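Listed here are the chains, written in short residue letters.
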Amino acid sequence: MSTVRSYLRSAKSIVIGLASIATFLILWEAVTRVVNSPFLPGPYSVFLAFIQISTVGDIDGYSLGWHSAVSLYRVLLGFLAGAVTGIPLGLFMGIKLTVKDVATPIIEPIRFIPPIAWIPLSIVLLSGLTRFTFLIWVGVFFPVLLNTIAGVRRTSITLVNVARTFGADNNAVLRHIIFPSALPEIMTGLRVGLGIGWMCIVAAEMIGGDPVGLGRLILKYANFLQIDVVIVGMVTIGLIGLAMNYAILLLEKRMFRWRVEVTT
Amino acid sequence: MAAMFTVEHLKKSFETENGTIDVIDDLSLSLEEGRFLCIVGPSGCGKTTLLRILCGLDPPTSGTILINGSPPDPRKQKFGVIFQEESLLPWRNVFNNVKFGQEINKIGASDEIAKKYINLVGLEGFENYFPHQISGGMKKRVAIARALAVDPDIIMMDEPFADLDAQTRWILQKELLSIWSQLKKTAIFITHNVEEAVFLGQYVAVLSKRPAKLKTLINIDLPYPRSRLAAPFISYREKIIDLLREEIPSIS
Ligand SMILES: Nc1ncnc2c1ncn2[C@@H]1O[C@H](COP(=O)(O)OP(=O)(O)OP(=O)(O)O)[C@@H](O)[C@H]1O
Ligand SMILES: [Mg+2]
């Protein structure tokens, strides 16, 4: 009974979603017809540009798939760097409040410097892959760190005591109690961090040597005033970000069934 | 029989912003191997504090505690502690919760032993359930199985059945006694339910109000299983209630 109802509801929301996208595309097309400017392409010419870039490639011969793959590679590197630094430091700061007290006044102001503001400095100090990785890392690190700390802080003292009365040392408490109980928050941090890191891709690729990557594609065609390709690049960034977020959400749901059902 | 467990002149005080508060003051107590001791006392008198010291979670301010001749240290001795609050790991199923103590204890987790204790507490068939999928009484059974699975030298329980309904509590009391009489483990059971203490304990230690001292140690000289309606049971119960009433004058 309730499954039928929830099935109907999800079918209904899919229909509404599709209708909403269709309406948006129609409105967009209508506006471009009215404005009739070469700088505001409609969905159809964006679609044609999409086919062109995907199959033939851009003026340098790189296809959309290759641009996406290169950008993904850069973002994943920065993401890994963010995870590898953010998780251990977050665990440490969550457990040792003195470490947190020492690190917070340094970290908090840095947290509000947007990745774009790091570009000039990174141009001077870094080059190539290290620069991409660093700029993505700036976006990934803080959500991972802060969520990890929050996860550690909500570890149940009783569970720590249970482990201690069985003879656990600090290592065992970390491994068996604190880490698994913070894991849902850590995963949230990774998901948010990956999203932000991905959104930093245009900033990271703003200056660069080789002309590949979705960010470079957008900037290259903005110089040519070929806005349809610019929009292809933007939409691709949006869709890939959406897909990654959804994939991690599914993973989280599977991993933390115990928690989803506890909280709902 | 030698005392497996002795507490001498135990004191515990905490430093707070409002000054020092004495929670336990000059408490002495001992218990022989394999015996069942219940500890009752008025609410807030320091029972949980006492248990935390006994299992080595907190150090005493002064005094000595010996368990099998040495101060309590969960890394050298094996304790089975059951807390009043929810204490199962929510991300582990029943089976892996029961194995948890063994894993930590470095005695090597054994599936057979975990199974054995799951069966002993009557949870056969629930191995794959997660804590949020079982009832409060079942969670207590899992906690008991987990504590027993490390083959502890002593088992300590802090009001384990306090938040269960009366019927479930009675069933678990009976099962706890039957498990205890099979395994002959030294057991300490904290409760503020006097009837529960008289039903379970060979001895009942009555504590004073805070700071806790041993007010009286009563030997409950009744064979198991005990009937709650028998005259001697009732007279033990009334005697203890009277002792507690002296500690809380407002109850009349
Ligand atoms: N870490 C602490 N710091 C300061 N005071 C504490 C601390 N732990 C316990 N106390 C105080 O010690 C007293 C006894 O607490 P405890 O939890 O041992 O009581 P209890 O007998 O277990 O009570 P209950 O029957 O309600 O479980 C309380 O007044 C409490 O405020
Ligand atoms: Mg208590």
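S.K.: Would you mind showing me how to read the overall build of chain A here?
M.R.: The helix and strand inventory of chain A stands at 12 helices and 0 strands. Along chain A, helices (α) and strands (β) appear in the sequence α-α-α-α-α-α-α-α-α-α-α-α when read from the amino end. Taking the principal axes of its C-alpha atoms as reference, chain A extends roughly 75 × 65 × 30 Å. The proportion of buried residues among the 264 residues of chain A is 42%. Sequence-distant contacts, at least 24 apart, represent 71% of the contacts inside chain A between residues at least 6 apart. Put simply, chain A shows about 14400 Å² of open surface, and 72% of that area lies on carbon and sulfur atoms. Charged side chains of chain A number 20 positive and 12 negative; the gap between the two group centres comes to 10 Å.

S.K.: Would you mind going over the domain arrangement of chain A with me for this structure?
M.R.: By a widely used convention, the size of an interface equals the accessible area lost when the partners come together. All names here are of chain A. For chain A, the assigned domains read domain 1 (1-36) and domain 2 (41-263). Measuring from the centre of the C-alpha atoms in domain 1 to the corresponding centre in domain 2 gives 30 Å. When the two sides are added together, the surface that domain 1 and domain 2 hide from each other amounts to roughly 360 Å², 75% of it contributed by carbon and sulfur. If you sort the residues of domain 1 by the area they bury against domain 2, Trp-28, Glu-29 and Thr-32 come out on top, with a joint share of 90%. At the boundary of domain 1 and domain 2, one finds 0 salt bridges. For the pair domain 1 and domain 2, the interface holds 1 residue pair in polar contact (both at pLDDT 80 or more). Residue composition of the side of domain 1 that touches domain 2, grouped by class: 2 nonpolar, 1 polar and 1 charged.

S.K.: What exactly am I supposed to notice about the interface of chain A and chain B here?
M.R.: Contact with chain A, which involves 20 residues of that partner, is made by 28 residues of chain B. Taken over both partners, the interface formed by chain A and chain B buries close to 2000 Å², and the fraction arising from carbon and sulfur atoms is 70%. Counting the surface chain A buries against chain B, the share from its top three residues, Thr165(A), Phe166(A) and Trp258(A), is 37%. Inspection of the chain A/chain B interface yields 0 salt bridges. There are 2 residue pairs in polar contact (both at pLDDT 80 or more) connecting chain A and chain B. For the side of chain A that touches chain B, the elements supplying multiple residues, two or more each, are α7 (157-165), α8 (170-199) and α12 (257-263) of chain A.

S.K.: Which parts of the structure should I look at to understand the domain arrangement of chain B?
M.R.: Residues and elements named next belong to chain B. Parsing chain B into structural domains produces domain 1 (1-77 + 156-252) and domain 2 (87-152). Inter-centroid distance (C-alpha atoms) of domain 1 to domain 2 is 25 Å. At the interface, 12 residues of domain 1 touch 11 residues of domain 2. Summed over both sides, the interface between domain 1 and domain 2 buries roughly 940 Å², with carbon and sulfur atoms accounting for 69% of that surface. At the junction of domain 1 and domain 2, the tally comes to 2 salt bridges. Ionic pairing is found between Lys-185 and Asp-151, a salt bridge with its closest N-O pair at 2.5 Å. In this assembly, domain 1 and domain 2 are joined by 4 residue pairs in polar contact (both at pLDDT 80 or more). In the side of domain 1 that touches domain 2, the residues fall into 7 nonpolar, 2 polar and 3 charged.

Thresholds, definitions, all that
- Residues numbered from 1 in each chain as written.
- Chains lettered and ligands numbered in written order.
- Predicted model: local features only at pLDDT ≥ 70, side-chain atom pairs only at ≥ 80, totals over all residues.
- Heavy atoms only, no water.
- Helix = DSSP H or I, 4+ residues; strand = E, 2+ residues; numbered from the N terminus.
- Buried < 20%, exposed > 50% of the residue type's maximum accessible area, 1.4 Å probe, protein only.
- Contact = heavy atoms within 4.5 Å.
- Areas by Shrake-Rupley, 256 points an atom, 1.4 Å probe, with all protein chains shown as cover.
- Lys, Arg positive; Asp, Glu negative; His and termini not counted.
- Charge placed at Lys NZ, Arg CZ, Asp CG, Glu CD.
- Domains from an automatic or database assignment.
- Buried area = accessible area lost by both parts, 1.4 Å probe.
- Salt bridge = Lys/Arg side-chain N within 4 Å of Asp/Glu carboxyl O.
- Polar contact = N/O pair within 3.5 Å; in protein donor to acceptor, adjacent residues only side chain to side chain.
- Nonpolar A, V, L, I, M, F, W, Y, C, P; charged D, E, K, R; others polar.

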